[in-house]
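Summary of structural features
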Amino acid sequence: MAETSCRTGIRLGFKLRTTPPGSNNYILFILTLYTFRKMFLIFVVVIVAVVLFLICSFIVLFWRSADADLLLLFKEKFGRGPESLKGQVAWITGASSGIGEYIAYELARAGCRLILSARRRDELERVRSACLREAAGQLTADDILVQVLDVQDFESHKSLVIKVLEHFTKIDILINNAGCSQRAKWMDIELDVDRTLFEINVLGPVSLSQVVLPHMMKRNRGTIVIVSSMVGKLGLPHSRSYNGTKSAVQAYFECLRTEVADNNISITIACPGPTFSNLFLHAATSKHNEKLGRAMSRTEKRMTTDLCAHYIVTALANKLYEVWIAQQPWLAILYIQQYIPDLGR
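Every chain is numbered on its own, with residues counted from 1 as its sequence reads. With the structure being a predicted model, the display of local features is reserved for residues of pLDDT at least 70 and the display and counting of side-chain atom pairs for 80 or more, all residues being used for whole-chain, interface and lining totals. To obtain the side-chain values, all non-hydrogen atoms of the structure were included, while hydrogens and water were left out.

1. So, the overall build of the chain
- Along the chain, the regular secondary structure elements total 11 helices and 7 strands.
- Expressed as a percentage of contacts within the chain between residues at least 6 apart in sequence, the contacts between residues at least 24 apart total 72%.
- Accessible area of the chain: about 18,300 Å², with a carbon and sulfur share of 59%. The helix count covers DSSP runs of H or I at least four residues long, the strand count covers runs of E at least two residues long, and both are numbered beginning at the N terminus. Throughout, a residue-residue contact means that at least one pair of heavy atoms, one from each residue, lies within 4.5 Å. Note on areas: Shrake-Rupley, 1.4 Å probe, and residue coverage restricted to the protein chains presented here.

2. A short note on the pattern of salt bridges
- The term salt bridge refers to a side-chain nitrogen of Lys or Arg lying within 4 Å of a carboxyl oxygen of Asp or Glu. Tallying each qualifying case throughout the model produces 13 salt bridges.
- Here Arg126 and Glu123 are joined by a salt bridge, their closest N and O atoms 2.9 Å apart. Taken together, the residues Arg126 and Glu123, both in helix α5 (residues 121–135) and 3 residues apart, mark about one turn of the helix.
- Burial classes: relative accessible area under 20% of the type maximum marks a residue as buried, over 50% as exposed, and values in between as partly exposed (1.4 Å probe, protein chains only). The exposure class of Arg126 is partly exposed, given its relative accessible area of 35%.
- A relative accessible area of 22% places Glu123 in the partly exposed class.
- Arg195 serves as the salt-bridge partner of Asp192, at 2.8 Å between the closest nitrogen and oxygen. Pair noted here: Asp192 and Arg195 are both in helix α7 (residues 191–219), with a separation of 3 residues, about one helical turn.
- One salt-bridge network, in which partners are shared between bridges, spans Glu101, Glu123 and Arg126.

3. Some points on the sheet that holds strand β4 (residues 173–176)
- The pairing criterion is simple: DSSP has to find at least two bridges between the two strands. Spatially, the 7 strands line up as an open sheet ordered β3-β2-β1-β4-β5-β6-β7, and their pairing is parallel. With one partner strand each, in any of the chains shown, β3 (144–146) and β7 (322–325) form the two edges of the open sheet. Shown here is a sheet whose adjacent strand axes are inclined to one another by a mean of 15°, direction ignored.
- Across 6 bridges, the pairing between strand β5 (residues 222–227) and strand β6 (residues 265–272) is parallel. When the sheet's bridge partners are listed, Gly222 is paired in β6 with Ile265. Helix axes use the C-alpha atoms of the stretch in contact, all axes being lines fitted to C-alpha atoms, and the angles between their N-to-C directions lie in the range 0 to 180 degrees.

4. Describing helix α4 (residues 98–110)
- By this rule the span expected of a helix is its residue count minus one, scaled by 1.5 Å. If you check α4, its first and last C-alpha atoms are 19 Å apart, about what 13 residues at 1.5 Å a residue would give, namely 18 Å.
- Turning to α4, its buried residues are Gly98, Ile99, Gly100, Glu101, Ile103, Ala104, Tyr105, Glu106, Leu107, Ala108 and Ala110.
- Looking one or two residues beyond α4, the residue adopting positive phi is Gly111, at roughly 90°.

5. Structural notes on the packing of α4 against helix α9 (residues 305–317)
- At a closest axis distance of 8 Å, the pairing of α4 and α9 adopts a crossing angle of 60°. It follows that α4 is oblique to α9 by the angle criterion. Crossing geometry of α4 relative to α9 is assigned as right-handed. Contacts from Gly98, Ile99, Tyr102, Ile103, Glu106 and Leu107 of α4 reach α9 at Thr305, Asp306, Cys308, Ala309, His310, Ile312, Val313 and Leu316.
- Under the convention adopted here, Pro, Cys and the residues Ala, Val, Leu, Ile, Met, Phe, Trp and Tyr are nonpolar, Asp, Glu, Lys and Arg are charged, and Gly plus all remaining residues are polar. Here the residues of the contact of α4 with α9 sort into 9 nonpolar, 3 polar and 2 charged. To sort the angles, those under 35 degrees are grouped as roughly parallel, those over 145 as roughly antiparallel, those from 65 to 115 as roughly perpendicular, and the leftovers as oblique. With the far helix as reference, a near helix turned anticlockwise by less than a right angle produces a left-handed crossing, and one turned clockwise produces a right-handed crossing.

6. Focus: a nonpolar patch on the surface
- Nonpolar side chains (Val, Leu, Ile, Met, Phe, Trp, Tyr) within 5 Å and like charges within 9 Å form the patches, drawn only from residues with over 30% relative accessible area and no salt bridge. A cluster of nonpolar side chains, namely Leu33, Phe36, Phe40, Leu41, Phe43, Val44, Ile47, Val48, Val51, Leu52 and Ile55, defines an oily patch on the protein surface of about 990 Å² accessible area.
- Structurally, the position occupied by Leu33 is in helix α2 (residues 25–65).

7. A few points about the nonpolar core
- One finds Trp91, Ile224 and Phe253 to be the most contacted residues of the largest nonpolar core, which totals 45 residues.
- The biggest single contributor to this core is α7, with 9 residues.
- Residues within four places of Trp91 in sequence aside, it is in contact with Ile115, Ser117, Leu160, Val161, Val164, Ile171, Ile173, Leu174, Ile175, Leu208 and Val212.
- Throughout this description, the term nonpolar core refers to a set of buried Ala, Val, Leu, Ile, Met, Phe, Trp, Tyr and Cys residues connected via side-chain atoms within 4.5 Å. In this structure, Tyr105, Leu124, Cys308 and Val323 belong to the second largest nonpolar core, which totals 41 residues.

8. Section: the environment of Lys163
- Tracing the sequence through the fold places Lys163 in helix α6 (residues 157–168).
- Sequence-wise, Lys163 and Gln147 are 16 residues apart; in three dimensions their C-alpha atoms are separated by 8.9 Å.

9. Some remarks on the pairing of strand β1 (residues 89–93)
- Burial of β1 is extensive: 5 of the 5 residues sit out of reach of the surface.
- Burial of the side chains of β1 extends over both faces: Val89, Trp91 and Thr93 are buried on one face and Ala90 and Ile92 on the other.
- Inspection of the sheet shows β1 paired to strand β2 (residues 113–117) by 5 bridges, in the parallel sense. Bridging from a neighbouring strand, Trp91 pairs with Ile115 of β2.
- Whether a crossover is right-handed comes down to one check: with the strands pointing away from the viewer, does the path from the first strand over the helix to the second run clockwise; if it does, it is right-handed. Taking the sense of rotation as the criterion, the β-α-β connection linking β1, α4 and β2 turns out right-handed.

Listed below in structure tokens is the structure:
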């Protein structure tokens with residue numbers, strides 16, 4: 001019996017030191033332990049399979065329906081809403097159309113006091129009237145200031161900030177949305193086009209933020225939002241100046257983030273994908289001072305402007321560092337580009 005028990009123990013993968021003659025208890029113990037080990041392994045395999053199934057299901061659903069990064073979607077559902085910004089003073093550049101216009105509507109509905117800036121006063125007045133309607137009695141005419149602004153006129157920025165502070169006494173939020181796109185082949189683009197877009201898309205936000213920041217630092221609070229683009233994260237053809245400037249503006253304000261964190265000033269960088277707007281009407285080409293002049297077709301696969309603006313304001317309300325806002329497959333491409341760069345390219 002002892003010899004048989006030893007052989008059984010060896011066969012089961014256990015070393016048996018002694019097996020008392022005439023006793024089956026030890027063998028039963030080994031068999032029970034072996035059976036338990038098999039059941040435990042089966043249990044682990046089942047749990048792993050279920051977890052993998054849930055992960056794969058989530059990825060499939062995310063791939064099909066998500067239009068923003070995971071954290072932003074979570075905050076949109078469970079975090080602070082735009083209404084949490086009620087009473088704050090928000091300055092929006094590029095507010096006469098597109099994403100900037102709809103950000104203004106979103107903030108007006110939240111009860112924010114607004115400074116609307118762009119180059120076209122007539123369009124700003126139109127947006128101002130619409131904001132008063134959207135506010136549904138929360139705002140008066142004095143709560144929305146129209147301030148004409150050319151982001152390339154750097155010398156005027158300081159005097160404009162003084163005027164805004166004289167009217168509202170504070171600036172809680174600065175949304176740098178004004179910008180210019182581009183469509184042209186890399187080899188055909190004149191360097192003057194690169195210079196112009198760098199002034200509009202990079203130095204403009206930098207200059208205005210630099211004169212607003214002392215006020216925010218003195219109050220030890222504030223938020224600066226940069227409306228960048230997904231092309232700041234990955235390169236797309238026929239827009240070298242736009243690609244380059246959006247990458248640059250993100251780097252500028254990532255640097256700023258590291259310097260003002262102790263002053264309770266947050267930086268939010270929004271990276272929208274294709275969104276309906278009049279961006280192509282005023283987009284640059286390969287020639288200096290030439291405009292593309294093309295309207296977007298309603299049949300194009302793009303996010304609606306109001307939804308994009310809602311996500312940006314949600315990111316602002318929740319003080320998110322960087323958000324991606326795009327329909328599929330662009331959102332998935334951003335994730336792949338971020339985590340598997342070679343595959344993304």
